[in-house]
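If you want the building blocks of each chain, they are given just below.
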Amino acid sequence: GDSVTQMEGPVTLSEEAFLTINCTYTATGYPSLFWYVQYPGEGLQLLLKATKADDKGSNKGFEATYRKETTSFHLEKGSVQVSDSAVYFCALGRYSGAGSYQLTFGKGTKLSVIP
Amino acid sequence: SQTIHQWPATLVQPVGSPLSLECTVEGTSNPNLYWYRQAAGRGLQLLFYSVGIGQISSEVPQNLSASRPQDRQFILSSKKLLLSDSGFYLCAWSGKTGDRGYGYTFGSGTRLTVV
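Residues numbered from 1 in each chain as written. Chains lettered and ligands numbered in written order. Predicted model: local features only at pLDDT ≥ 70, side-chain atom pairs only at ≥ 80, totals over all residues. Heavy atoms only, no water.

Peer 1: Give a description of the overall build of chain A that names residues and reports values.
Peer 2: Scanning chain A for helices and strands turns up 0 helices and 12 strands. For chain A, the succession of helices and strands along the chain, N to C, is β-β-β-β-β-β-β-β-β-β-β-β. For chain A, whose C-alpha radius of gyration is 14 Å, the value lies close to the compact-globule estimate of 13 Å for 115 residues. Here the C-alpha coordinates of chain A stretch approximately 45 × 30 × 20 Å along the principal axes. (Helix = DSSP H or I, 4+ residues; strand = E, 2+ residues; numbered from the N terminus. Rg over C-alpha atoms; globule rule 2.2 N^0.38 Å.)

Now the structure itself:
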């Protein structure tokens with residue numbers, strides 16, 4: 001079945017440092033890939049997405065490229081801010097039978113950015 | 001625009017008491033609806049999903065049940081809570097076919113503490 005593996009946290013960075021959170025997946029076919037962000041005490045928000053190979057998703061300075069050859073969707077940001085402190089989830093999505101769209105999530109990576 | 005509402009935001013309940021968490025979606029029709037649980041320091045666990053009124057699929061056998069009495073209403077229930085039911089419960093919705101790549105939209109979550 002589908003699975004998503006993302007780097008274990010927590011990750012602690014200084015403000016303005018470069019961020020990479022690794023995400024790899026196992027799936028058949030051509031799923032869509034997502035990054036979600038969860039700020040403390042809140043639900044998940046969609047950060048960015050890519051629906052086919054070589055697509056690059058971007059939002060709020062974050063980027064991730066759908067690499068089918070390496071089955072990866074690594075999240076990057078050139079200069080993190082304290083406000084980026086959150087838990088980041090990588091996810092894979094596809095339609096399953098009976099009209100259901102299923103997301104498979106990684107375990108999440110907690111990012112702490114210190115001033 | 002579509003919105004998703006989830007309540008209550010926080011809940012403290014004694015062991016053995018009943019539970020009812022409610023989720024409603026506005027601005028769309030015939031959505032797929034989902035209940036997830038996030039235990040402290042853990043990833044997301046899919047509990048139930050529904051593709052239509054009265055149609056519930058359970059992903060994990062447990063002390064909880066779900067119902068969908070109306071198109072845009074999804075309820076999570078328990079007759080007798082256990083300590084292990086504590087966690088952060090998230091409701092989400094997604095569209096049907098043709099919505100590929102939009103993933104889920106999550107509610108703001110309910111923090112449940114069973115004491």
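Peer 1: Break down the sheet that holds strand 8 (residues 73–78) of chain B for me, citing the residues and quoting the values.
Peer 2: All names here are of chain B. Judged by pairing direction, the sheet is antiparallel, and its 4 strands sit side by side in the order 1-3-8-7 without closing on themselves. In the strand order of this sheet, the two ends are held by strand 1 (3–7) and strand 7 (65–70), each with one partner. Taken pair by pair, the neighbouring strands of this sheet meet at an average axis angle of 20 degrees, ignoring direction. The pairing of strand 7 with strand 8 spans 4 bridges and is classified as antiparallel. The residue of strand 8 that forms the bridge with Ser-67 is Ile-75. (Pairing = 2+ DSSP bridges. Axes fitted to C-alpha atoms, helices over the stretch in contact; angles between N-to-C directions.)

Peer 1: Give me the lowdown on the state of the cysteines, citing residues and values where you can.
Peer 2: All names here are of chain B. Taken as a whole and judged by the stated rule, the model has 2 disulfides over all chains. Note that Cys-23 is cross-linked by a disulfide to Cys-91, the S-S spacing being 2.0 Å. Between Cys-23 and Cys-91, the S-S dihedral sits near -75 degrees, and the bridge is therefore left-handed. Remark: Cys-91 occurs in strand 9 (residues 87–94) and Cys-23 occurs in strand 3 (residues 19–26); sequence separation between them is 68 residues. For Cys-23, a relative accessible area of 1% corresponds to the buried category. We classify Cys-91 as buried; its relative accessible area is 0%. (Disulfide = S-S within 2.5 Å. Buried < 20%, exposed > 50% of the residue type's maximum accessible area, 1.4 Å probe, protein only.)

Peer 1: Give a description of the pairing of strand 4 (residues 32–38) of chain B that names residues and reports values.
Peer 2: All names here are of chain B. Most of strand 4 is tucked away: 7 of the 7 residues are buried. Burial along strand 4 is two-sided: the residues Asn-32, Tyr-34, Tyr-36 and Gln-38 and Leu-33, Trp-35 and Arg-37 are all buried. Summarising the sheet, strand 4 and strand 5 (residues 44–52) pair through 6 bridges and their orientation is antiparallel. Paired with Gln-38 across the strands is Leu-44, a residue of strand 5.

Peer 1: Summarise the interface of chain A and chain B; cite the residues concerned and give the values.
Peer 2: Interface size is commonly expressed as the accessible area that is lost once the parts come together. Counting residues at the interface gives 23 residues for chain A and 26 residues for chain B. Summing the contributions of chain A and of chain B, the shared interface buries around 1,800 Å²; its carbon and sulfur component is 54%. Three residues stand out in chain A for area buried against chain B, namely Leu-44, Tyr-95 and Tyr-101 of chain A, and they jointly supply 28% of the buried area on that side. Taken together, the connections running from chain A to chain B amount to 0 salt bridges. Considering only residue class, the side of chain A that touches chain B consists of 12 nonpolar, 8 polar and 3 charged. (Contact = heavy atoms within 4.5 Å. Buried area = accessible area lost by both parts, 1.4 Å probe. Salt bridge = Lys/Arg side-chain N within 4 Å of Asp/Glu carboxyl O. Nonpolar A, V, L, I, M, F, W, Y, C, P; charged D, E, K, R; others polar.)

Peer 1: Could you give an account of the environment of Val-4 of chain A, naming the residues involved and the relevant values?
Peer 2: Residues and elements named next belong to chain A. Secondary-structure assignment places Val-4 in strand 1 (residues 3–6). Overall, Val-4 belongs to the buried group, its relative accessible area being 11%. The spatial distance from the C-alpha of Val-4 to the C-alpha of Phe-89 is 9.6 Å, given a sequence separation of 85 residues. When residues no more than four places from it in sequence are discounted, the contact partners of Val-4 are Cys-23, Thr-24, Tyr-25, Cys-90, Ala-91, Leu-92, Thr-104, Phe-105 and Gly-106.

Peer 1: Report on the packing of aromatic side chains, specifying residues and quantitative values.
Peer 2: Enumeration over the complete set of coordinates arrives at 14 aromatic pairs over all chains. Geometrically, the ring pair formed by Phe-105 of chain A and Tyr-36 of chain B is edge-to-face, given 5.5 Å between the ring centres and 85 degrees between the ring planes. You can see Phe-105 of chain A sitting in strand 11 (residues 101–105) and its partner Tyr-36 of chain B sitting in strand 4, one on each of two chains. For Phe-105 of chain A, a relative accessible area of 12% puts it in the buried group. The class of Tyr-36 of chain B is buried, set by a relative accessible area of 1%. Joined through ring pairs, the aromatic side chains of Phe-34, Tyr-36, Phe-89 and Phe-105 of chain A together with Tyr-34, Tyr-36, Tyr-49, Tyr-104 and Phe-106 of chain B make up one cluster. (Phe/Tyr/Trp six-rings, centres within 6.5 Å; stacked < 30°, edge-to-face > 60°.)

Peer 1: Talk me through the sheet that holds strand 7 (residues 56–59) of chain A; I want residue IDs and the actual numbers.
Peer 2: All names here are of chain A. Taking strand neighbours across the sheet as the criterion, the 4 strands line up as 3-9-8-7 in an open arrangement whose pairing is antiparallel. The sheet terminates laterally at strand 3 (19–21) and strand 7, the two strands that pair on one side only. Neighbour-to-neighbour, the strand axes of the sheet open up by a mean angle of 15 degrees, direction not taken into account. In the sheet, strand 8 (residues 62–65) pairs with strand 9 (residues 75–77) via 2 bridges, with the strands oriented antiparallel. Bridge pairing links Phe-62 to Lys-77 in strand 9.

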